[in-house]
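Residues per chain, in single letters:
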Amino acid sequence: MIETINNAGRYAPVIKCDVCGKQITDAEMALALYPVNVEGGSVPTLHVHKGVCDRKASAAQGDEGGTDELDTYLYYLMHNAGVSFDRAKSKADMLSLL
Ligand SMILES: [Zn+2]
């Protein structure tokens, strides 16, 4: 799940594992899991740590689940949201100075 945390008065977006609830701090060590073969519409997506957490989520989801590495999934998400990576980085750099 995506949340915003208050870190000493500064707010920061984080992704927390949908299985253990801990923050995901290394996208290469996490996955996005979602059901496939669902007719129409969209499906909920789980964000989980690789290992114990993804095995628990996958067992609950069954064999029909899709999987993306979290970093790849986030790239697709940003692309589909029309994010310009250079513009977003520029804005984030500017806001970090405030
Ligand atoms: Zn976890």
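Please refer to the structure placed before this passage.
Attention in this report is confined to the structure presented alongside it.

**Notes on the overall build of the chain**
And step 1. The secondary structure content of the chain amounts to 3 helices and 5 strands.
And step 2. What you see in the chain, going N to C, is helices and strands ordered as β-β-β-β-α-β-α-α.
And step 3. C-alpha extents for the chain along the principal axes are approximately 45 × 30 × 20 Å.
And step 4. Here the chain holds 98 residues, and 13% of them are scored as buried.
And step 5. Considering only contacts within the chain whose residues lie at least 6 apart along the sequence, 52% involve residues at least 24 apart.

**Some points on the nonpolar core**
And step 1. Residues I24, A30, L31, A32, L33, L46, V48, C53, A57 and L70 constitute the largest nonpolar core, which totals 10 residues.
And step 2. For this core, the secondary-structure elements that each account for two or more residues are β3 (30-35), β4 (46-49) and α1 (52-61).
And step 3. Ranked by residue count, the leading element in this core is β3, at 4 residues.
And step 4. L33 has contacts with T45, L46, V48, D54, A57, S58, Q61, G65 and T67, leaving out every residue within four places of it along the chain.

**Remarks on the sheet that holds β4**
And step 1. Sheet architecture is open: 3 strands sit in the order β4-β3-β5, paired in antiparallel fashion. Pairing within the sheet leaves two strands with one partner each, and these edge strands are β4 and β5 (65-69). Across the sheet, the mean angle separating the axes of adjacent strands is 30° when strand polarity is ignored.
And step 2. Helix α2 (residues 70-80) contacts β3, β4 and β5 of the sheet and is inclined by roughly 90° relative to β5.

**Brief notes about helix α3 (residues 85-96)**
And step 1. Helix length check: α3, at 12 residues, gives a terminal C-alpha distance of 16 Å against a target of 16 Å (1.5 Å per residue), a fit within 8%.
And step 2. With 0 of 12 residues buried, α3 is to be regarded as a mostly surface element.

Analysis parameters
- Residues numbered from 1 in each chain as written.
- Predicted model: local features only at pLDDT ≥ 70, side-chain atom pairs only at ≥ 80, totals over all residues.
- Helix = DSSP H or I, 4+ residues; strand = E, 2+ residues; numbered from the N terminus.
- Buried ≥ 20, exposed ≤ 12 C-beta atoms within 10 Å, placed from the backbone.
- Contact = placed C-beta atoms within 7 Å.
- Core = buried A, V, L, I, M, F, W, Y, C linked by C-beta atoms within 7 Å.
- Pairing = 2+ DSSP bridges.
- Axes fitted to C-alpha atoms, helices over the stretch in contact; angles between N-to-C directions.
- Expected span 1.5 Å × (residues − 1).

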